[in-house]
Amino acid sequence: MKYKSKKKSKNKGRQMLDENGNWVDIPVEGSLGLLASGYKGLMAWREKKKQFIESQILNETKGGGQKKK
Amino acid sequence: MGDKKRNKKKVLLIGWDAADWKMINPMLDRGEMPTLNRMIENGVMGNLLTLDPPFSPTLWTSISTGKRPYKHGIYGFTEPDPSGASIRPVHITSRKCRAIWNILSNKGYKTSQVGWWPSHPAEPINGVSVSNFYQRANKKIFQEWEMMQGTVHPEEKSDIFKALRVHPQELTGAHLNPFLRNHHKINQRDNGDQRRLTAISKIIADCSTIQAAATYILDNEEWDFAAIYFDAIDHMCHGFMKFHPPRRPFIPEDLYDKYHYCVTAIYKYHDMMLEAMLDMVPKDTTVILVSDHGFHSDHLRPSNVPKEPAGLAWEHSPYGIFVATGPGIKKDEIIHGASLLDVTPTILNIYGLPVGKDMDGKVLNHIFEKPRQVKAIPSWEDVEGNFFMHTSDYEEDEESARESLQQLIDLGYIAPLSTDNKENVERVINDNKFFKARTFIDAGKYSEAIEILEELYENAPGKKHIILRLAHCYLVTKRTAKARNMVQAFRQLHTEINNTLLVLQSRVVAQEGDLEKSKQFIEEAIERKSDHPGIHFHHGDVLLKLEKYNEAIQAFEKAIEHDPENQNAHHSIGKAYYLIKQYEKAVENHLTAIGLHFFAPQVHYDLGQALEKLELYSDAANAYNNCRHMMPKHVKAKKRLFYLFDEVLNRPKLAAEVQATLPDYHLPEVVIVSGLPRSGTSMMMQMLEAGGMRTFSDGIRIADENNKKGYYEHEAVKHIARDHSFLDKVGDSAVKIVAPLLFHLPKNYRYKIIFMERELGEVLLSQHKMLKRNKRRGQKETFSFKLWKDYENTLNKIKKTYKSQKNASLLFVDYREVIESPGLVIPEIVQFLENKELDTTKMLQVVDKSLYRERENVATE
């Protein structure tokens, strides 16, 4: 698998295209393919992790608030 | 330099430490390295011969400079820090010459490098430099991971690269599982499994860091030349090659099950990284992929490594990989004869720049579709201007590198440190001296190696690795008596007989002339353990000397069966076939040997001889030509070449050119016996006289108690500085001229100098006693240290002066060896003088052991 870069957009964060121009679904746990693709893959993965953690925190916050309610 | 020129030529040099075709080829066949496969189809591939010792910092510096280690000054993994109080990993500031990125920077090219070993502190090149300390994580992931001072040039880009580092603890199962088989069986509570997983994580993280930095530079920085170095294959192999298939009986099955895929996986990962890099660079970029050495992956994997400095390098194999693609480079071809020393000259040539004549490598002209013009200058070191290097007043951060030492210890490249810093520093200094001696041996500079090894041996006589190298050097330089002493030294360390001892004894007795005994020793070794290629090679060598050619060929073939890349064995088979007049087979084997290792002047010479027998005169001339270029002092090759050009090929211009490099045969020849006073010069004169040669002596100084058989001197010789006319009268006699007077020899003669060598202590003691007997000195019992140094300097100066003189050839004869083994020395003298009429029996009878009076005295005083 090889990746091509897509510049960071406001809505989607850093994303990647594969060689056929399709959006790559970046796994939260990362992959060797992402690391092998170099700095872009690394940054995209870190971005994904960050988004995931933020969403987890958000969910927890929301869920916690409901419980209290 | 404008962008227009910058866009014209781009070269990307990628280093994969320890990559080996023996691992890669089956993977290519299985389609597991598709990117490399494409690169090979579009370019050339071949072996890349390494150097000895095969240590990465040393070799990668030779790759980036085109020079052997004794020229670039990087000998090992560690060095004393600038204060001399402690040790540190080797720094780039110890490199004594300019690297390819310095030269290209000087020429205005935008030049970057990442991770080269060594490259810390990052040099201020005309681009980006990221040092080899960049990727190492030395803190837990939740701790602040600082970057050492000097890691990135230019410093203002440090933050960008700091953010691109991958921490081993950042990795997940998704990264690690592709390296493991049966990963569900891994028990993270088990110390061994935990340690191995940590090692794999570090390796993946480190090379992913390099990949991130490299791709960032290729994508975002201006560059004409970039050099990117990955150490991951080497590190994975050192840790996990033992688990690679096929499983050997001593490898536990459970560990094999879990870790046997690690090495294959790291190669696959490199192929993926290569793909990403190739996608980033313009299509007309020249891409060169090299490794510094290979790594045994088959039956040649050692089951243990010797206890010697950096002994782990015994796992390395002598051939790395070379792949190149790009404009003007041949497609889908295999090339032969490349050495890692050739990489820098070839890159310089791609940019149209001259090669330094002081570089040891050559331009790999045969990789190009059309032969390229090779320009040369004496040395890049003499070129004025900014070469973008550290200035001499650069202040190094002594503390910075301490933690990186641990990495080298973990890998097994250096032994764990003592708590005593002084002891560590001394060990490193001695280890580096040992490595330096090995670099001299590798280059065939045995005298230089012996000088270092003798010093090390004197300081630490119980080191097996020093004894064995010293014995080898003595044998190669025909100092048999000294080699015999090394056998004794070895036996003192190992009372039990082993194969190393048997091989050594076999070589020594062979040189002493007892070939049957030599054969017995080696056959005993074969009976004890027959699967060592060295043993079969030596067996073949002895059989060759015994003129048992067919048996010799069989022995060499066994050595090749064990290791098909054994160049010496192929060469020796060629020699054997030549001797039994099967010239085609001789040529075939010499060509195989040359294909494995091109820089082998004697093989080219032997090939030339076999080709001549087949009447392929042009090819023979090419072979002799290669030989003389590699070894300008190979007179026999030049003589044959002159003969072919002059009398067979009708090439008068070329014949004249070769003739100009030959000794001036029209000049009268003088045979000289020389040496320091009391080094055995009179004895040698007496031997020559007994053999039937006339001696040039006036008989004024008659025999006395000091020289009971006479001095063989001539008064005229003493005045040579102001009058050398007596040389006309010498004719075909031998004349004795003491060493300090040799510098006054005029250039209008040819000289054959038999130079007597004797331990300086013995010489001085003998002189002292002689003077005492002559009552020219008081009762002082000690001799002058200054005189010792003066003599030492004189000897060094003579060696240096006459090494390069076209009209003089020297034969060094060891005094003790004449006394102890005259039967071995005399044939050498006869051969040197090219005087077969000398009566060797009478020469032998003259040697009087009772004259050797100083030996025991010296030993006891």
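Keep in mind that this is a model prediction, so the values were computed, not measured.

A.B. asks: When you look at the overall build of chain A in this model, what are you seeing that I'm missing?
C.D. replies: Secondary structure assignment for chain A yields two helices and two strands. The order of α-helices and β-strands along chain A, N terminus first, is β-β-α-α. Counting the 69 residues in chain A, one finds 29% classified as buried. Long-range pairs, those at least 24 residues apart, make up 32% of the contacts in chain A between residues at least 6 apart in sequence.

A.B. asks: Would you mind going over the overall build of chain B with me for this structure?
C.D. replies: On a plain count of helices and strands, chain B comes out with 37 helices and 20 strands. In terms of overall size, chain B behaves like a compact globule, its C-alpha atoms giving a radius of gyration of 30 Å where 861 residues would be expected to give roughly 29 Å. Projecting the C-alpha coordinates of chain B onto the three principal axes gives extents of approximately 90 × 65 × 60 Å. Here chain B, with 861 residues, has 48% of them falling under the buried criterion. Taking all contacts inside chain B whose residues are at least 6 apart in sequence as the whole, residues at least 24 apart take part in 65%.

A.B. asks: Would you mind going over helix α18 (residues 480-493) of chain B with me for this structure?
C.D. replies: The α-helix advances 3.6 residues per turn, and as a result positions three or four apart in sequence lie on the same side. Residue and element names in this part refer to chain B. Taking 1.5 Å as the rise per residue, α18 with 14 residues should run 20 Å; its terminal C-alpha atoms sit 20 Å apart, in good agreement. If you check which residues of α18 are buried, you get Thr-480, Lys-482, Ala-483, Arg-484 and Met-486. The inward-facing, buried residues of α18 abut α17 (464-476), α19 (499-512), α34 (815-820) and α35 (822-833).

A.B. asks: Explanation requested: the interface of chain A and chain B in the structure shown.
C.D. replies: Interfaces are often described in size by the accessible area the parts lose on coming together. Listed by partner, the interface residues are 13 residues for chain A and 18 residues for chain B. Only α1 (32-36) and α2 (39-68) of chain A provide two or more residues apiece to the side of chain A that touches chain B. Take the side of chain A that touches chain B: its biggest share by element is four residues, from α1(A). Along the lines of polarity and charge, the residues of the side of chain A that touches chain B split into six nonpolar, five polar and two charged.

A.B. asks: I tried to follow the sheet that holds strand β2 (residues 43-49) of chain B on my own but got confused; where do I start?
C.D. replies: Residues and elements named next belong to chain B. Taken in spatial order, the nine strands line up as β7-β6-β5-β8-β1-β9-β12-β2-β13 in an open sheet, and their pairing is mixed. If you trace the sheet from one side to the other, it starts and ends with β7 (152-153) and β13 (333-339), each paired once. As judged from the four bridges shared by strand β9 (residues 286-290) and strand β12 (residues 319-325), these two strands associate in the antiparallel manner. By the bridge assignment, Ile-288 is partnered in β12 with Ala-324. This element, helix α9 (residues 191-220), spans β5 (111-114), β6 (129-130) and β8 (225-230) of the sheet and lies at about 170 degrees to β8.

A.B. asks: What am I meant to see in unusual backbone geometry here?
C.D. replies: Glycine aside, the phi torsion of most residues is negative, and most peptide linkages are trans. All names here are of chain B. In this chain, His-120 is followed by Pro-121 through a cis amide linkage whose omega measures -10 degrees. Assignment of secondary structure puts Pro-121 in the loop between β5 and β6. Backbone torsion omega between His-153 and Pro-154 reads 0 degrees, so that peptide bond is classified as cis. With respect to the helices and strands, the residue Pro-154 is situated in the loop between β7 and α7 (158-162). Residue Glu-615 is not a glycine yet carries a positive backbone phi of 65 degrees.

A.B. asks: I'm lost on the nonpolar core in this one. Help?
C.D. replies: One recurring pattern in soluble globular proteins: nonpolar side chains tend to sit buried together. All names here are of chain B. Counting 197 residues, the largest nonpolar core has Ala-213, Ile-233 and Cys-262 as the members making the most contacts within it. In terms of residue count, α9 provides more of this core than any other element does, 13 residues in total. Two domains each donate at least three residues to this core, and these are domain 1 (3-382) and domain 2 (583-662). Judged by nonpolar contacts, the second largest core, of 42 residues, contains Leu-676, Tyr-712, Ala-739 and Met-756.

A.B. asks: Looking at this model, I keep getting lost on the environment of B:Val263. Mind explaining?
C.D. replies: All names here are of chain B. Topologically, Val-263 is positioned in helix α12 (residues 262-280). Along the chain, Val-263 and Met-23 lie 240 residues apart, while their C-alpha atoms are 8.8 Å from each other. Once residues lying within four places of it in the same chain are set aside, the contact partners of Val-263 are Met-23, Met-236, Cys-237, Phe-240, Met-241 and His-244.

A.B. asks: Is there a simple way to think about helix α20 (residues 515-528) of chain B in this case?
C.D. replies: All names here are of chain B. Here α20 spans 20 Å end to end across 14 residues, near enough to the 20 Å set by a 1.5 Å rise per residue. Among the residues of α20, Ser-518, Lys-519, Phe-521, Ile-522 and Ala-525 are the ones counted as buried. When α20 is viewed along its axis, its buried side chains cluster within an angular range of 160 degrees and face the same direction. Those residues of α20 that are exposed and aimed more than 90 degrees away from the buried face are Glu-516 and Glu-527.

A.B. asks: How do you make sense of the environment of B:Gly761 when you look at a structure like this?
C.D. replies: For B:Gly761, the location among the structural elements is in helix α32 (residues 760-773). Between the alpha carbons of B:Gly761 and B:Ile522 there is a distance of 37 Å; along the sequence they are 239 residues apart.

A.B. asks: What's the story with the confidence of the model for chain A in this structure? I'm lost.
C.D. replies: A low pLDDT means the predicted coordinates there should not be read in detail. All names here are of chain A. In the predicted model, chain A carries a mean pLDDT of 75, and the fraction of residues at 70 or more is 58%. Taking the mean pLDDT of every element in chain A, the minimum, 50, falls on strand β1 (residues 3-9) and the maximum, 96, on α1. Counting interchain partners and residues more than four positions distant, the pLDDT-below-50 stretch residues 7-12 has two contacts.

A.B. asks: What exactly am I supposed to notice about the sheet that holds strand β20 (residues 808-814) of chain B here?
C.D. replies: Whenever strands of a sheet pair, they do so through backbone hydrogen bonds, lying parallel or antiparallel. All names here are of chain B. Read across the open sheet, the five strands follow the order β17-β18-β16-β19-β20; overall the sheet is parallel. With one partner strand each, in any of the chains shown, β17 (695-696) and β20 form the two edges of the open sheet. Note that strand β19 (residues 750-757) and β20 share seven bridges and pair parallel. Within the sheet, the bridge partner assigned to Ile-753 lies in β20 and is Leu-810. On top of the sheet, helix α29 (residues 681-691) reaches β16 (669-675), β17, β18 (734-736), β19 and β20; it is set at about 140 degrees to β16, its chief contact. Against the sheet, α35 makes contact with β16, β19 and β20, and its axis sits at roughly 175 degrees relative to β20, the strand it touches most.

A.B. asks: How should I be thinking about the pairing of β9(B) in this particular structure?
C.D. replies: All names here are of chain B. Of all five residues making up β9, five are buried, and the element is well covered by its neighbours. Covered by surrounding structure in β9 are Thr-286, Ile-288 and Val-290 together with Val-287 and Leu-289, the residues of both alternating faces. Where strand β1 (residues 11-16) and β9 come together, five bridges link them in parallel fashion. Each residue of the ladder has a partner; that of Ile-14, found in β9, is Leu-289.

A.B. asks: I would appreciate a short explanation of the packing of α18(B) against α19(B) in the present structure.
C.D. replies: Between two packed helices, both the angle of their axes relative to each other and the distance between the axes serve to describe the pair. Residues and elements named next belong to chain B. Where α18 meets α19, the closest approach of the two axes is 10 Å, and the angle between their N-to-C directions is 155 degrees. By the angle between their axes, α18 is roughly antiparallel relative to α19. For α18 against α19, the interelement crossing comes out left-handed. Here α18 contributes Thr-480, Ala-483, Arg-484, Val-487, Phe-490 and Arg-491 to the contact with α19, which in turn contributes Leu-501, Leu-504, Gln-505, Val-508, Gln-511 and Glu-512. Of the residues contributing to the contact of α18 with α19, the split by class is six nonpolar, three polar and three charged.

A.B. asks: Where do I start with the packing of helix α10 (residues 232-240) of chain B against α12(B) in this structure?
C.D. replies: Residues and elements named next belong to chain B. Taken N-terminus to C-terminus, the directions of α10 and α12 make an angle of 170 degrees; their axes are 9 Å apart at the nearest point. Taken together, the axes of α10 and α12 are roughly antiparallel relative to one another. Judged by residue contacts, Ala-232, Ile-233, Met-236, Cys-237 and Phe-240 of α10 engage Cys-262, Val-263, Ile-266, Tyr-267 and His-270 from α12.

A.B. asks: So what exactly am I meant to see when it comes to the environment of B:Phe240 here?
C.D. replies: Residue and element names in this part refer to chain B. Residue placement: Phe-240 occurs in helix α10. Assessed through the 23 C-beta atoms surrounding it within 10 Å, Phe-240 is described here as buried. Separated by 56 residues in the primary sequence, Phe-240 and His-184 have C-alpha atoms spaced 19 Å apart. If we skip the residues at most four places from it in the chain, Phe-240 touches Tyr-259, Cys-262 and Val-263.

A.B. asks: Looking at this structure, how should I read the confidence of the model for chain B?
C.D. replies: All names here are of chain B. When pLDDT is averaged across chain B, the result is 88; 92% of the residues are at 70 or more. Counting contacts from residues 855-861, a segment whose pLDDT is below 50, to residues more than four positions away or on other chains yields six contacts. In the predicted complex, the global pTM is 0.76; the interface-specific ipTM is 0.79.

Each value, and the rule that gives it
Residues numbered from 1 in each chain as written. Chains lettered and ligands numbered in written order. Predicted model: local features only at pLDDT ≥ 70, side-chain atom pairs only at ≥ 80, totals over all residues. Helix = DSSP H or I, 4+ residues; strand = E, 2+ residues; numbered from the N terminus. Buried ≥ 20, exposed ≤ 12 C-beta atoms within 10 Å, placed from the backbone. Contact = placed C-beta atoms within 7 Å. Rg over C-alpha atoms; globule rule 2.2 N^0.38 Å. Expected span 1.5 Å × (residues − 1). Nonpolar A, V, L, I, M, F, W, Y, C, P; charged D, E, K, R; others polar. Pairing = 2+ DSSP bridges. Axes fitted to C-alpha atoms, helices over the stretch in contact; angles between N-to-C directions. Core = buried A, V, L, I, M, F, W, Y, C linked by C-beta atoms within 7 Å. Domains from an automatic or database assignment. Arc of directions from axis to C-beta. pLDDT = per-residue confidence, 0-100. Parallel < 35°, antiparallel > 145°, perpendicular 65-115°, else oblique. Left-handed = near helix turned anticlockwise from the far one by under 90°.

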